[in-house]
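Residue-level structural notes
Listed here are the chains, written in short residue letters.
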Amino acid sequence: MPEGDTVYQAAARIRRAFEQKTLEYTQFRVPRYATTDLAGRTVESVRSIGKHLLIDVGDDLAIHSHLKMEGAWHVHRIGTRWRKPAYTARIVLRTDAAEAVGFDLGTTEMLAAPDAALAYLGPDLLGPGWDADRAVALISADPARPIGLALLDQHLMAGVGNVFRCEACFLRGVDPRRSVGDVDIPAMVDLCHRLLQANRTNRVRTTTGVTVSGRRYHVYGRGGRPCFRCGTPVSRNFLGEPDGFSDTDRVLYHCTTCQT
Ligand SMILES: [Zn+2]
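A short tour of the structure in this document, coming up. It should be emphasised that the depicted structure is a prediction, and the values quoted were computed from it without experimental measurement.

Orientation of helix H3 (residues 132–140) relative to helix H6 (residues 185–199), taken along the N-to-C sense of each, is 125°, at an axis distance of 9 Å. Viewed along their axes, H3 and H6 adopt a mutual orientation that is oblique. In the packing of H3 onto H6, the handedness of the crossing is right-handed. Across the interface between the two elements, Ala132, Ala135, Val136, Ile139 and Ser140 of H3 pack against Ile185, Pro186 and Val189 of H6.

Okay, structure coming up:
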């Protein structure tokens, strides 16, 4: 599942091939932008903010994408055979040498004044202006909220998705249903920062230090299987909230013995 680390890496790949380069060809495969043509514009910068990716193309205008659950950006030399079905491509960008294709993007749009548009996001865990104190203050402002929901709220802190939410709670020994006011928030925020930092350049994401399939996470995706630490079957359930958190990609994994 794409989280802040995935988007950070996607931005780095696009940046290497596109920054300060002229776009020779662009194609948006979404109806709203079917006639948009950015050829001739220069890519000024490529950035990630939390789970959002911005490709700045001048005049305070940016291509904004969000990977959601399945999305991916592939960058390669022009002429390279695509590794995903063409019908899943949402945007194609080319310089004279490189091609970037965004597949299965949850959001593909042109955004005017992107910084203002994304100002609602909390501090970016992988951003140059990372502000831990502000993240702690924003999360702590609602002490009754379950920590497992607060960690996913991008208005409070940007970059954590379901994997890091589940894993951070496990590593802190915290039941994700526990109230924010009952959790050491500075320690939790610091751990999230360290987990994302550690994974921002990893080819394979891990929170255990092991990159072998099936051993990469303590609890995420391991429902019913024994906790590596205590042997209790990992619990799989939901932390329902009326604002849409309870879909299948928000399944909560935790160990009822190690996390209290
Ligand atoms: Zn356990």
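Remark: the centre distance and the inter-plane angle together describe each pair of aromatic rings, the angle taken between the planes. Within the structure shown, the criterion is met by four aromatic pairs. Aromatic pair phenylalanine 28 and tyrosine 33: ring centres 5.7 Å apart, planes at 45°, arrangement tilted. One exposure class covers both phenylalanine 28 and tyrosine 33, and it is buried. Here the aromatic rings of tyrosine 217 and tyrosine 220 are separated by 5.6 Å at their centres, their planes lie at 90°, and the arrangement is edge-to-face. The class for tyrosine 217 is buried, based on a relative accessible area of 10%. Each member of the aromatic cluster is reached from another via a ring pair, and the members are Tyr217, Tyr220 and Tyr253. Seen from the ring of phenylalanine 228, arginine 215 lies directly overhead, with NZ or CZ sitting 4.1 Å from the centre. The side chain of arginine 222 reaches across the aromatic face of phenylalanine 228, ending 3.7 Å from its centre.

With that settled, consider the packing of helix H5 (residues 162–172) against H6. In the contact formed by H5 and H6, the axes pass within 10 Å of each other and the chain directions differ by 125°. By the angle between their directions, the pair H5 and H6 is classed as oblique. Regarding H5 and H6, the two cross each other, and that crossing is right-handed. Contacts from Phe164, Ala168, Cys169, Leu171 and Arg172 in H5 reach Ala187, Met188, Leu191, Cys192, Leu195, Leu196 and Asn199 in H6. Among the residues making up the contact of H5 with H6, the classes are represented as ten nonpolar, one polar and one charged.

In the first shell of the zinc ion, the protein supplies Cys227 (SG), Cys230 (SG), Cys255 (SG) and Cys258 (SG), at 2.3 to 2.4 Å from the metal. Considering all four donor atoms around the zinc ion, angles at the metal cover 99 to 114° and the coordination shape is tetrahedral. One chain supplies every donor to the zinc ion, and in sequence these donors are spaced C-x2-C-x24-C-x2-C. Taken as a pair, cysteine 230 in the loop between H6 and strand E9 (235–237) and cysteine 258 in the segment after strand E10 (252–254) lie far apart in primary sequence, 28 residues in all. Note on cysteine 230: relative accessible area 35%, which makes it partly exposed. You can call cysteine 258 buried: its relative accessible area is 18%.

For the rest of this paragraph, the subject is the sheet that holds strand E5 (residues 72–77). As summarised here, the arrangement of the four strands in space is E1-E6-E7-E5, forming an open sheet in which the pairing is antiparallel. The open sheet has two edge strands, strand E1 (25–28) and E5, and neither has a second partner. Between one strand axis and the next, the sheet turns by 15° as a mean value, whatever way the strands run. The pairing of E1 with strand E6 (residues 89–94) spans four bridges and is antiparallel. The residue of E6 that forms the bridge with tyrosine 25 is arginine 94. Of the strands in this sheet, E5, E6 and strand E7 (98–103) are in contact with helix H1 (residues 4–18), which crosses E5 at around 30°.

Moving on, we come to a positive patch on the surface. Taken together, the side chains of Arg13, Arg16, Arg83 and Arg203 define a basic patch exposed on the protein surface. Inspection of the secondary structure assignment puts arginine 203 in the loop between H6 and E9. We classify arginine 203 as exposed; its relative accessible area is 83%.

The rules behind these values
Residues numbered from 1 in each chain as written. Predicted model: local features only at pLDDT ≥ 70, side-chain atom pairs only at ≥ 80, totals over all residues. Heavy atoms only, no water. Axes fitted to C-alpha atoms, helices over the stretch in contact; angles between N-to-C directions. Helix = DSSP H or I, 4+ residues; strand = E, 2+ residues; numbered from the N terminus. Parallel < 35°, antiparallel > 145°, perpendicular 65-115°, else oblique. Left-handed = near helix turned anticlockwise from the far one by under 90°. Contact = heavy atoms within 4.5 Å. Phe/Tyr/Trp six-rings, centres within 6.5 Å; stacked < 30°, edge-to-face > 60°. Buried < 20%, exposed > 50% of the residue type's maximum accessible area, 1.4 Å probe, protein only. Lys NZ or Arg CZ within 6 Å of the ring centre and 35° of its normal. Nonpolar A, V, L, I, M, F, W, Y, C, P; charged D, E, K, R; others polar. Donors = N, O, S within 2.8 Å, 3.2 Å for Na, K, Ca; no water. Tetrahedral: all angles 85-135°; square planar, octahedral: opposite > 155°, others 65-115°. Pairing = 2+ DSSP bridges. Patch = residues over 30% accessible without salt bridge, like charges linked within 9 Å, V, L, I, M, F, W, Y side chains within 5 Å. Areas by Shrake-Rupley, 256 points an atom, 1.4 Å probe, with all protein chains shown as cover. Salt bridge = Lys/Arg side-chain N within 4 Å of Asp/Glu carboxyl O. Lys, Arg positive; Asp, Glu negative; His and termini not counted. Charge placed at Lys NZ, Arg CZ, Asp CG, Glu CD.

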